[in-house]
Amino acid sequence: MASGADPGREVVLETSRLLLRPWRVAEAAVQRELWTERDPRVPPHRRIDAEGRPTVADLEEAIRTQKPSSIGLLAIERKAEGDVIGYCGLIDSGRGPEAEPELAFELLRRVWRQGYATEASLAVLAWARASGYRRLWATVWDWNTPSRRVLAKIGFTETERREADPVHGTTLFTTIEL
């Protein structure tokens, strides 16, 4: 854990247009919408299954039981509209070195191409830097051109590391020095 990160404290970040904060139970339907919009190339465990899971109730329970943390996926709320449009934050994916979390973000399709992913990610990078992290990772599928553009725009560079999957595409590993 970074020296400035407090594992028991919830993170709330603010930009000119956005508020990044913990999820509320009432916003589970937004999480479910994200699940339904995922590209069919995304692995099955990250998409709605044949039984319709996760349901809104499943996601409500996950939000309800999530413990406060200084690392995690924060809801992205547009301040002017007061609506939640996705998530951005840091996760411990286990794929990078210890004490080097992974940046992750996902937004509803209706708000793509408006700069929200870049704005939210820059806020998370600033928080990570202030918290003492030295380097972050991000993974992205080779076919996910919009996310690759966001990562490049905010300073991530692709490494030589790749994980090829003939069904879902190649996962590219990117990193940024803070």
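Here is a short report on the structure shown in this document. (Residues numbered from 1 in each chain as written. Predicted model: local features only at pLDDT ≥ 70, side-chain atom pairs only at ≥ 80, totals over all residues. Heavy atoms only, no water.)

1. Considering the overall build of the protein chain
Logical step 1: When you go through the protein chain residue by residue, the secondary structure sums to 4 helices and 8 strands.
Logical step 2: When the helices and strands of the protein chain are placed in sequence order, the string is β-β-α-α-β-β-β-α-β-α-β-β.
Logical step 3: Here the C-alpha radius of gyration of the protein chain, 16 Å, is about what a compact globule of 178 residues would show, namely 16 Å.
Logical step 4: Dimensions of the protein chain along its principal axes, counting C-alpha atoms only, are 40 × 40 × 30 Å. (Helix = DSSP H or I, 4+ residues; strand = E, 2+ residues; numbered from the N terminus. Rg over C-alpha atoms; globule rule 2.2 N^0.38 Å.)

2. A word on the nonpolar core
Logical step 1: If you look at the biggest cluster of nonpolar residues, it comprises 31 residues, and the most contacted ones within it are Leu20, Leu103 and Phe156.
Logical step 2: If you list the elements that add at least two residues to this core, you get β2 (18-21), β3 (72-78), β4 (84-91), β5 (102-107), α3 (116-130), β6 (135-141), α4 (145-153) and β8 (171-177).
Logical step 3: For this core, the element with the most residues is α3, which contributes 8 residues.
Logical step 4: Of all hydrophobic cores here, the second largest spans 12 residues; its members include Trp23, Trp35, Leu59 and Leu108. (Core = buried A, V, L, I, M, F, W, Y, C linked by side-chain atoms within 4.5 Å. Buried < 20%, exposed > 50% of the residue type's maximum accessible area, 1.4 Å probe, protein only.)

3. Here's the deal with the side chain of Arg32
Logical step 1: Within the fold, Arg32 resides in helix α1 (residues 28-37).
Logical step 2: Despite being buried, Arg32 has no salt bridge partner; Asp58 is the closest side chain of opposite charge, sitting 7.0 Å away. (Lys, Arg positive; Asp, Glu negative; His and termini not counted. Salt bridge = Lys/Arg side-chain N within 4 Å of Asp/Glu carboxyl O.)

4. Observations regarding the environment of Glu37
Logical step 1: Secondary-structure assignment places Glu37 in helix α1.
Logical step 2: Along the sequence, Glu37 and Arg109 sit 72 residues apart, while their C-alpha atoms lie 7.4 Å from each other.
Logical step 3: Residue contacts for Glu37: discarding those within four places in its chain leaves Leu107, Leu108 and Arg109. (Contact = heavy atoms within 4.5 Å.)

5. What to know about the packing of aromatic side chains
Logical step 1: This model, assessed by the stated rule, comprises 3 aromatic pairs.
Logical step 2: Seen in terms of ring centroids, Trp137 and Phe173 are 6.4 Å apart; in terms of plane orientation they differ by 80°. Their pairing is edge-to-face. Highlighted residues: Trp137 in strand β6 and Phe173 in strand β8, separated in sequence by 36 residues. With respect to burial, Trp137 and Phe173 carry one shared label: buried.
Logical step 3: Seen in terms of ring centroids, Trp141 and Trp143 are 5.4 Å apart; in terms of plane orientation they differ by 10°. Their pairing is stacked.
Logical step 4: By relative accessible area, Trp141 is classed as buried at 19%.
Logical step 5: Lying across the ring of Trp35, Arg38 places its NZ or CZ 4.6 Å from the centre.
Logical step 6: The positively charged end of Arg161 is found above the aromatic ring belonging to Phe173, 3.9 Å away from the centroid. (Phe/Tyr/Trp six-rings, centres within 6.5 Å; stacked < 30°, edge-to-face > 60°. Lys NZ or Arg CZ within 6 Å of the ring centre and 35° of its normal.)

6. Some words on the pattern of salt bridges
Logical step 1: One pass over the full model with this rule turns up 19 salt bridges.
Logical step 2: Between Glu77 and Arg24 there is a salt bridge whose closest N-O contact spans 4.0 Å. You can see Glu77 sitting in strand β3 and its partner Arg24 sitting in the loop between β2 and α1, a full 53 residues away along the chain.
Logical step 3: Glu77 sits in the buried class, given a relative accessible area of 13%.
Logical step 4: With a relative accessible area of 46%, Arg24 lands in the partly exposed category.
Logical step 5: Between Asp39 and Arg41 there is a salt bridge; the shortest N-O distance is 2.9 Å.
Logical step 6: Given the relative accessible area of 17%, Asp39 is considered buried.
Logical step 7: In this structure, a network of salt bridges that share partners links the residues Arg21, Arg24, Glu27 and Glu77.

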